[in-house]
Amino acid sequence: MRVSIVFDSGFGHTARLAQAVAEGVAEVTGAEAVLIALGDGPVAWDVLEASDAIIFGSPTYNGLVSARFKQFMEDATKTAWTPQTWRDKVAAGFTNSGAHSGDKLNSLVSMALFAAQHGMIWVGLDLMPGNSRSTGSGDELNRLGSWLGAMAQSNMDEGPDVAPIGSDLRTAAHLGRRVAEIAHRLMPTAAPESPDLVPA
């Protein structure tokens, strides 16, 4: 079972998130994670077509996905949307910004709509919001309280070796594991063999 993670990363923070997602995917027996960085050359459209699930990732700039990720979405029209090669594949998304809010939800909504237009099956987080009580802490999973996808926040004066923090990376890994588990559950199984009919 192949789960592809196609992402853009401006400064390395979203790439670190993508790696965490891949680590979560790899925790599921039989699941293979494939990282596709949009800044590394032509998109491997054949790999995406052969995938059982695709997880999208982009930094949030000015409340939107990056320009390079938007270009990927547009390029997918002829390659994947017209022939509907991603139809019924599992999809999910993650994003990162410098601000705690940064209007990251808008990026995830854009990804979810993009997936819906391709006939994909969107998977969100199944985590309660972390750090939402006086006794909570930023070390809890889903500390930014998102359900549509994994959100992370990276201080703008820190590199990807420091940010995002551990809880955001663990949340991303949880998303990767969840997508792989659901994709596995949705995979078609061989029909049971019918017993030979014996005349009475």
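Quick caveat, the model's predicted, so the values are computed rather than measured.

Draft legend 1. Inspection of the environment of Ala-44 at higher detail. Locating Ala-44 in the fold gives a position in the loop between β2 (32-37) and α2 (45-49). Taking the C-alpha atoms as reference points, Ala-44 and Leu-64, separated by 20 residues in sequence, lie 24 Å from one another.

Draft legend 2. Structural detail: the pairing of strand β7 (residues 150-153). Every second residue of β7 is oriented toward a common face, with Ala-150 and Ala-152 on one face and Met-151 and Gln-153 on the other, all of them buried. Relative to β7, strand β5 (residues 90-97) runs parallel, the two sharing four bridges. Opposite Phe-94, over in β7, you have Ala-150 as the bridge partner.

Draft legend 3. Representation of the packing of aromatic side chains within the structure. Across all of its chains, the model carries 10 aromatic pairs by this definition. Ring geometry for Trp-86 and Phe-114: centres 6.0 Å apart, planes at 80°, overall edge-to-face. With Trp-86 in the loop between α3 (67-81) and β5 and Phe-114 in helix α4 (residues 104-117), this residue pair connects regions lying 28 residues apart in the sequence. Here the two residues Trp-86 and Phe-114 agree in accessibility, since each one is buried. The structure contains a cluster of three or more aromatic residues connected by ring pairs, namely Trp-45, Phe-56, Phe-69, Phe-72, Trp-86 and Phe-114.

Draft legend 4. Layout of α4. For α4, which comprises 14 residues, the first-to-last C-alpha distance of 20 Å matches the rise-based estimate of 20 Å (1.5 Å per residue) to within 8%. Turning to α4, its buried residues number three or more, namely Lys-104, Ser-107, Leu-108, Met-111, Ala-112, Phe-114 and Ala-115. Each buried residue of α4 lies within a common arc of 160° when the element is viewed along its axis, so the set occupies one face. When the buried face of α4 is taken as reference, the exposed residues oriented beyond 90 degrees from it are Leu-113, Ala-116 and Gln-117. Against the buried residues of α4 lie β3 (53-61), β4 (64-65), α3, β5, β6 (121-122) and β7. Downstream of α4 by one or two residues, Gly-119 has phi in the positive range, about 75°.

Draft legend 5. Representation of the nonpolar core. Ranked by size, the top nonpolar core spans 29 residues in total, and within it Val-3, Ile-5, Ile-55, Phe-94, Leu-175, Val-179 and Ala-180 carry the most contacts. Broken down by secondary-structure element, the contributors of at least two residues to this core are β1 (2-7), α1 (13-26), β3, β5, β7 and α5 (166-186). The element contributing the most residues to this core is α5, with seven residues. Residues within four places of Ala-180 in sequence aside, it is in contact with Met-1, Val-3, Val-25, Val-28 and Ala-31. Core analysis: the second largest hydrophobic core is formed by 24 residues, Met-73, Ala-76, Ala-80 and Met-111 among them.

Draft legend 6. Main features of the side chain of Thr-95. Mapping Thr-95 onto the fold places it in strand β5. Residue Thr-95 is classed as buried on the basis of its relative accessible area, which comes to 0%. Not counting residues up to four positions away in its chain, the partners in contact with Thr-95 are Leu-17, Ser-58, Pro-59, Thr-60, Lys-104, Ser-107, Leu-108, Ala-150, Met-151 and Ala-152.

Draft legend 7. Structural detail: the packing of α3 against α4. Close contact between α3 and α4 brings their axes to 11 Å; oriented N to C, the two are set at 5°. When the interaxial angle is binned, α3 and α4 end up roughly parallel. On α4, the residues touching Phe-69, Phe-72, Met-73, Ala-76 and Trp-81 of α3 are Ser-110, Met-111, Phe-114 and Gln-117. Partitioned by chemical class, the residues of the contact of α3 with α4 number seven nonpolar, two polar and no charged.

Rules of the game
Residues numbered from 1 in each chain as written. Predicted model: local features only at pLDDT ≥ 70, side-chain atom pairs only at ≥ 80, totals over all residues. Heavy atoms only, no water. Helix = DSSP H or I, 4+ residues; strand = E, 2+ residues; numbered from the N terminus. Buried < 20%, exposed > 50% of the residue type's maximum accessible area, 1.4 Å probe, protein only. Pairing = 2+ DSSP bridges. Phe/Tyr/Trp six-rings, centres within 6.5 Å; stacked < 30°, edge-to-face > 60°. Expected span 1.5 Å × (residues − 1). Arc of directions from axis to C-beta. Contact = heavy atoms within 4.5 Å. Core = buried A, V, L, I, M, F, W, Y, C linked by side-chain atoms within 4.5 Å. Axes fitted to C-alpha atoms, helices over the stretch in contact; angles between N-to-C directions. Parallel < 35°, antiparallel > 145°, perpendicular 65-115°, else oblique. Nonpolar A, V, L, I, M, F, W, Y, C, P; charged D, E, K, R; others polar.

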